[in-house]
Amino acid sequence: MTRDIHLIDEHSSLENYKLSMSLIVPRPIAWIATFNQDGSVNLAPYALFSVVCTDPMMLQFSSRSPKDSYHNAKREGAFTVHIATVDQKPQVALTSKEFPEGESEADAAGMTWTKAPNVNAPILDDALVAFECEVHSFVDLETSVLTIGRVKAIHTDPSIMAQDGMADFAKLNPLSKLGRQQWGKTEDFV
């Protein structure tokens, strides 16, 4: 088998980012919700998100530069993670844009919320899944920051749960990010 070799040091950061994001797919969209300093809700989608470990249960998100989600989580010590659905793609796209300071992405997208019962962060009322996370640590990765949170509670809508106590993927219908401007959805199961 012959393969092309892409040496990282021979390409720009953006070129490496685009290639790797088209290869590491699908990536579930985590909607990270935090409180801004004025009490409004910051809501941002992250495709660089995953489970860090399960005992203790921890999740992580990162971006190519520190954003409001990081700053708010650092100040408040908490954040919530919601799994966006295919039906929520328009709201995800809207909340991915830059908003002026003090303007709530959640309000702009028409999303309502309540304060999480176990951490100082908002939970989206329309989310089928929400993880309440208490900040565990931050890892400085040169131009990025990895935010790690210890899960304090998991909220699930009963409509997406199967009889075995696990999520029914077809009912959850999670939105995922592929390469370029392409999105994925769960349709086939192997």
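In what follows, the accompanying structure is described. (Residues numbered from 1 in each chain as written. Predicted model: local features only at pLDDT ≥ 70, side-chain atom pairs only at ≥ 80, totals over all residues. Heavy atoms only, no water.)

Regarding unusual backbone geometry
(1) Moving on: With omega at 5°, the peptide bond leading from Asp-55 into Pro-56 counts as cis.
(2) Moving on: Even without glycine at this site, Glu-142 takes up a positive phi of about 65°.
(3) Moving on: With phi around 50°, Asn-173 is a residue other than glycine that occupies positive phi space.
(4) Moving on: Along the polypeptide, Asn-173 turns up in the loop between α5 (169–172) and β11 (175–177). (Helix = DSSP H or I, 4+ residues; strand = E, 2+ residues; numbered from the N terminus.)

Concerning helix α2 (residues 68–76)
(1) Moving on: Those residues of α2 not exposed but buried are Ser-69, Tyr-70, Asn-72 and Ala-73.
(2) Moving on: Looking at the buried side of α2, the elements it contacts are β2 (30–35), β3 (41–46), β5 (57–63), β6 (78–83), β9 (129–141) and β10 (144–156). (Buried < 20%, exposed > 50% of the residue type's maximum accessible area, 1.4 Å probe, protein only. Contact = heavy atoms within 4.5 Å.)

A closer look at a negative patch on the surface
(1) Moving on: On the surface, Asp-38, Asp-68, Glu-98 and Glu-101 cluster together to form a negatively charged patch.
(2) Moving on: Here Glu-101 is to be found in the loop between α3 (89–95) and α4 (105–108).
(3) Moving on: The exposure class assigned to Glu-101 is exposed, which follows from its relative accessible area of 85%. (Patch = residues over 30% accessible without salt bridge, like charges linked within 9 Å, V, L, I, M, F, W, Y side chains within 5 Å. Areas by Shrake-Rupley, 256 points an atom, 1.4 Å probe, with all protein chains shown as cover. Salt bridge = Lys/Arg side-chain N within 4 Å of Asp/Glu carboxyl O. Lys, Arg positive; Asp, Glu negative; His and termini not counted. Charge placed at Lys NZ, Arg CZ, Asp CG, Glu CD.)

Some points on the pattern of salt bridges
(1) Moving on: According to the stated counting rule, one finds one salt bridge in the structure shown.
(2) Moving on: Residue Arg-75 pairs with Glu-76 through a salt bridge whose shortest N-O separation is 3.1 Å.
(3) Moving on: Since its relative accessible area comes to 34%, Arg-75 is described here as partly exposed.

Looking at the sheet that holds strand β12 (residues 183–185)
(1) Moving on: Ordered in space as β1-β11-β12, the three strands form an open sheet in which the pairing is antiparallel. Strands at the two margins of the open sheet, each flanked by one partner only, are β1 (27–28) and β12.
(2) Moving on: Relative to β12, β11 runs antiparallel, the two sharing three bridges. Bridge pairing links Ser-176 to Gly-184 in β12. (Pairing = 2+ DSSP bridges.)

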